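# Observations on the three-dimensional arrangement
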Amino acid sequence: MIKKLLFLLASSGLLLAADCNDNEPIGSVLEINFKGTFDNAPLVMYESAYPYEAGMAVKLQLFQFYLSDIVLLKEDGSSVPLSDVALISFKDILTPAAAAQGITLNTSGIPAGHYTGLRMGIGVAPNLNSTSPANYTPPHPLDDNYWSASSGYVFIKIEGNADTSGNGEFPAKLTFHTGANDIYKEKTFQKHMELKDGALLQLNFNIDLKKVLSKGGSDFLDFRQVTQDHNNNPSIYTFIATNFYDALSLE
Amino acid sequence: MRFLWNKQAFRLFAQNAFNRKLLSVCAGLFFCFCAALFMVSATCSSDAPEKGAWSATPYPLKEPEHFVKMLMPSDNPLTVEGVDLGRQLFFDPLLSMNGAISCASCHLPQNAFSDGKAFSIGVNGQQGPRSSMALANVGYYYKGLFWDGRSKSLEDQALIPVREPHEMNSDWSMVELKLRNHPKYPELFYKAFGIAEPKEITRFLAAKAIAQFERTLISANAKYDQVLAGKATFTEAEARGRMIFFDASDELPKSECGHCHVDPLFTNLDFFNNGIQQVSSLEDFPDKGRGKITKIKYDNGKFRVPTLRNIELTAPYMHDGRFKTLDEVLEHYISGGHSAENLNPNVRQLNFTGRDKSDLIAFLKTLTDTSFIHNPAFKNPFTE
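These numbers come from a predicted model, not from an experiment.

## Looking at the overall build of chain A
Per the secondary structure count, chain A includes 5 helices and 15 strands. A compact globule built from 251 residues should have a C-alpha radius of gyration of about 18 Å, and chain A, at 20 Å, falls within 12% of that. The C-alpha extent of chain A, read off along each of the three principal axes, is 65 × 40 × 35 Å. Within chain A, buried positions represent 60% of all 251 residues. Within chain A, residue pairs in contact and separated by at least 24 positions form 72% of the contacts whose partners lie at least 6 positions apart. For chain A, the exposed area adds up to about 9,800 Å²; of that, 52% sits on carbon and sulfur atoms.

Quick look at the structure:
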């Protein structure tokens, strides 16, 4: 809470100091919240074991992803930028209570008015994916997760362990990292929103990790056969990217 | 398309789950707005303060272009005079109880500012619980210093060794007295910070000066960097080792090293259990590392990823110096590590031949930066 206040204080101070003009409207605040689930159960790192396909089970250590060019859409087709890039990480979600709160992005100073939806790119947009941490002063979302061998950022990281034989042990080590310009994709979410000056609005997104790993039936990542991919095998990384696109939803 | 710092200040930042209730946010906003108004009335009408006679020279820090930018605290800008004072303090055993141990006793330039011991030895031969850390590029480590990340900044860290019983075993009031009554230091503190009288010498100014010196300890001129800059070429073994290190070829075995030892710093500054310790439960780590600080069970046995720059010079390895050679380190990683609930899944059995191993080590040795360890600006000023 203190951190948040300090941040808001600093940013509103900067904003006003830059203009030396306190007559401008302050705009509204939009909180974009992301909750992770696994087959609808709260997504908690380490602690929880989640039943998976074919009698297997999964535990997580890391789930994170980048979003780029997040914009609010207006009726006339124009848009208002909210952020050029954000890293959403569930790494520190260690309890069901933390999972229920999710991860929140704060945007402020948004012009009041009527909006029809929100658009975001899943991954790091190509113009930013051609940069590297050397372009940034930390802390910045793009100061990490750069894979120099492929000159780009890792868009999605899923790391954890699997019980492949149903015996309650989790020896299989899972590391799935995806990211490349050709799997960057924008998704639009329709929602009518009335933003008022000085008011706050919350948007709640959900990402169900099971849907990212499995389409159900016989179409799932089979951890008995494959435990890692670092954007090497197109049939794996496009599977993850497509599923992620479908699974990200706005309540 | 950069919106992050534009005038409308659409600020967006990722953060952990705070307890956010609508009410408190509204109250917070109101508070912020009032405070901001106050700040504006202060900034908009302020006249420049009068300048005194003292001034220090900005230090021309050469930041390597292929590195992330160094985060500089606004209240401790680098100055030539500050860095010089910091260097003197760093090498001065005056900081210790018995006048025998300086920072440099455990952070030696020739060892890339580590000490070559499994456990560091402090005043009166007392052994500490952990291995010393190399200080190359320490100015970039903004996610917490020490193996467990318990110190937030170099300014904060520099206060600690003086009072640690197994390090310098002194106390700062004593050190402040010695510095104030010293024939040389009052002048140096004046030059660095413009103090009016010796009694204004404090531990905090000393720590600031040491931190300034440490920020200049940049190592970015190893063979690896020269190859990147097109000024040198890898041998065949080094080039093959590089491909293995970064998992860059489907024909070669993967090493997974690059997930954690991310270039160009060769650390991502994060904390992991890399599987060196066999334990039957997460409570059993002899040194809980990160978990001792966060009190989170799953952080037990996690340590900050150390840099691999100058790794050839900083044996023995790991927080407890358990491995004497890089060969032993690689044997550990090849085995896949000891399992534990929080063993990082990027540490997995490797399918290595003897040649893969020796090529990877050849690559690691291209991270040795001799111009760094021989840099005259980093040498002991008392033995020049």
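Structure shown, so let's carry the discussion forward.
## What about the nonpolar core?
Counting 80 residues, the largest nonpolar core has Phe34(A) and Phe63(A) as its most contacted members. Take this core: its biggest share by element is 8 residues, from strand 4 (residues 57-74) of chain A. Within the second largest apolar cluster, 53 residues are counted, among which are Val83(B), Tyr185(B), Ala207(B) and Ala220(B).

## Things to note about the packing of aromatic side chains
All told, the structure shown has 36 aromatic pairs over all chains when counted by the stated rule. What links up through ring pairs into an aromatic cluster is the set Phe34(A), Phe63(A), Phe65(A), Phe90(A), Phe189(A), Phe205(A) and Phe244(A). Over the face of the ring belonging to Tyr245(A) we find Lys185(A), whose NZ or CZ atom lies 4.1 Å from the ring centre. Positioned above the aromatic ring of Tyr185(B), the side-chain terminus of Lys184(B) is 4.8 Å from the ring centre.

## Observations regarding the confidence of the model for chain B
Do not read the fine detail of predicted coordinates wherever pLDDT is low. Across chain B, the average pLDDT comes to 88, with 86% of residues at or above 70. We note a pTM of 0.89 for the whole complex and an ipTM of 0.89 for its interfaces.

## As for the pattern of salt bridges
Residues and elements named next belong to chain B. In this structure the tally under the stated criterion is 26 salt bridges over all chains. In this structure, Glu176 and Arg203 form a salt bridge, with 2.9 Å as the shortest nitrogen-oxygen distance. Taken together, the residues span a long stretch of sequence, with Glu176 in helix 6 (residues 172-180) and Arg203 in helix 8 (residues 203-215) at a distance of 27 residues. For Arg309, the salt bridge identified is with Asp225, shortest N-O distance 2.8 Å. Here Arg309 is found in the loop between strand 3 (303-304) and helix 12 (326-335), whereas its partner Asp225 is found in helix 9 (residues 223-228), with 84 residues between them in sequence. For the residue pair Arg309 and Asp225, the accessibility class agrees, reading buried in each case. Three or more residues are tied together by salt bridges with common partners; here these are Glu236, Arg240, Arg355, Asp356 and Asp359.

## A word on helix 13 (residues 354-365) of chain B
For an α-helix, 3.6 residues make a turn, and residues three or four places apart therefore share a direction. Residues and elements named next belong to chain B. In this model, helix 13 (12 residues) spans 17 Å end to end at C-alpha, consistent with the 16 Å of a helix rising 1.5 Å per residue. Of the residues making up helix 13, those classed as buried are Asp356, Lys357, Asp359, Leu360, Ile361, Phe363 and Leu364. Here the buried face of helix 13 lies against helix 9, helix 10 (236-245) and helix 12.

## Concerning empty space enclosed by the protein
For the structure shown, the criterion picks out 2 cavities of 30 Å³ or more. Approximately 190 Å³ is the volume found for the largest cavity. Lining the largest cavity are 16 residues, with Pro133(A), Asp143(A), Val68(B), Leu265(B) and Thr267(B) sitting closest to its centre.

## Examining helix 8 of chain B
Residues and elements named next belong to chain B. Compared with the 18 Å implied by 1.5 Å per residue over 13 residues, the 18 Å span of helix 8 between its first and last C-alpha is a close match. Where burial is concerned, most of helix 8 is hidden: 10 out of the 13 residues are buried. For helix 8, the set of buried residues is Leu205, Ala206, Ala207, Ala209, Ile210, Ala211, Gln212, Phe213, Glu214 and Arg215. Looking at the buried side of helix 8, the elements it contacts are helix 2 (80-90), helix 4 (154-157), helix 6 and helix 7 (185-193).

## A few points about the packing of helix 12 of chain B against helix 13 of chain B
Between two packed helices, the angle of one axis relative to the other and the distance separating the axes together describe the packing. All names here are of chain B. At a minimum axis distance of 11 Å, the contact between helix 12 and helix 13 shows a crossing angle of 125°. Judged by the inter-axis angle, helix 12 sits oblique to helix 13. As helix 12 packs across helix 13, the resulting crossing turns out to be right-handed. Within the contact between the two elements, helix 12 uses Leu326, Asp327, Leu330, Glu331 and Ile334 and helix 13 uses Lys357, Leu360, Ile361 and Leu364. Broken down by class, the residue content of the contact of helix 12 with helix 13 amounts to 6 nonpolar, no polar and 3 charged.

## Observations concerning the side chain of Asp320(B)
Residue and element names in this part refer to chain B. Of note, Asp320 is situated in the loop between strand 3 and helix 12. Among the polar contacts listed, one links the side chain of Asp320 to the side chain of Arg322, at a separation of 2.8 Å. Not counting residues within four places of it along the chain, the set of residues in contact with Asp320 comprises Ala118, Phe119, Ser131 and Ile276.

## A closer look at unusual backbone geometry
Cis geometry is adopted by the peptide bond preceding Pro139(A), which originates at Pro138(A) and carries an omega value of -5°. Within the secondary structure layout, Pro139(A) lies in the loop between helix 3 (126-129) and strand 8 (146-147). The omega torsion across Ala315(B) and Pro316(B) is -5°, close enough to zero to call that bond cis. Take Pro316(B): it is sitting in the loop between strand 3 and helix 12. One non-glycine residue, Ala54(A), lies in the positive phi region at around 55°. Here Ala54(A) lies in the loop between strand 3 (50-51) and strand 4.

## Regarding the packing of helix 2 of chain B against helix 8 of chain B
Residues and elements named next belong to chain B. Following both chains from N to C, one finds helix 2 and helix 8 inclined at 100°, their axes separated by 7 Å at the closest point. Relative to helix 8, the element helix 2 lies roughly perpendicular. In this structure, helix 2 contributes Gly82, Val83, Leu85, Gly86, Arg87, Leu89 and Phe90 to the contact, and helix 8 contributes Ala206, Ala209, Ile210, Gln212, Phe213 and Glu214. Here the residues of the contact of helix 2 with helix 8 are counted per class, giving 8 nonpolar, 3 polar and 2 charged.

## Overview of the side chain of Glu155(B)
All names here are of chain B. On the secondary structure map, Glu155 appears in helix 4. Using a relative accessible area of 14% as the deciding quantity, one classes Glu155 as buried. Among the polar contacts listed, one links the side chain of Glu155 to the side chain of Arg215, at a separation of 3.0 Å.

Calculation notes
Residues numbered from 1 in each chain as written. Chains lettered and ligands numbered in written order. Predicted model: local features only at pLDDT ≥ 70, side-chain atom pairs only at ≥ 80, totals over all residues. Heavy atoms only, no water. Helix = DSSP H or I, 4+ residues; strand = E, 2+ residues; numbered from the N terminus. Rg over C-alpha atoms; globule rule 2.2 N^0.38 Å. Buried < 20%, exposed > 50% of the residue type's maximum accessible area, 1.4 Å probe, protein only. Contact = heavy atoms within 4.5 Å. Areas by Shrake-Rupley, 256 points an atom, 1.4 Å probe, with all protein chains shown as cover. Core = buried A, V, L, I, M, F, W, Y, C linked by side-chain atoms within 4.5 Å. Phe/Tyr/Trp six-rings, centres within 6.5 Å; stacked < 30°, edge-to-face > 60°. Lys NZ or Arg CZ within 6 Å of the ring centre and 35° of its normal. pLDDT = per-residue confidence, 0-100. Salt bridge = Lys/Arg side-chain N within 4 Å of Asp/Glu carboxyl O. Expected span 1.5 Å × (residues − 1). 1 Å grid on protein atoms, 1.4 Å probe; cavity = no way out; pocket = protein on both sides within 12 Å on 5 of 7 lines; lining within 4 Å. Points joined across faces, edges and corners; volume = space filled by probe spheres on them. Axes fitted to C-alpha atoms, helices over the stretch in contact; angles between N-to-C directions. Parallel < 35°, antiparallel > 145°, perpendicular 65-115°, else oblique. Left-handed = near helix turned anticlockwise from the far one by under 90°. Nonpolar A, V, L, I, M, F, W, Y, C, P; charged D, E, K, R; others polar. Polar contact = N/O pair within 3.5 Å; in protein donor to acceptor, adjacent residues only side chain to side chain.

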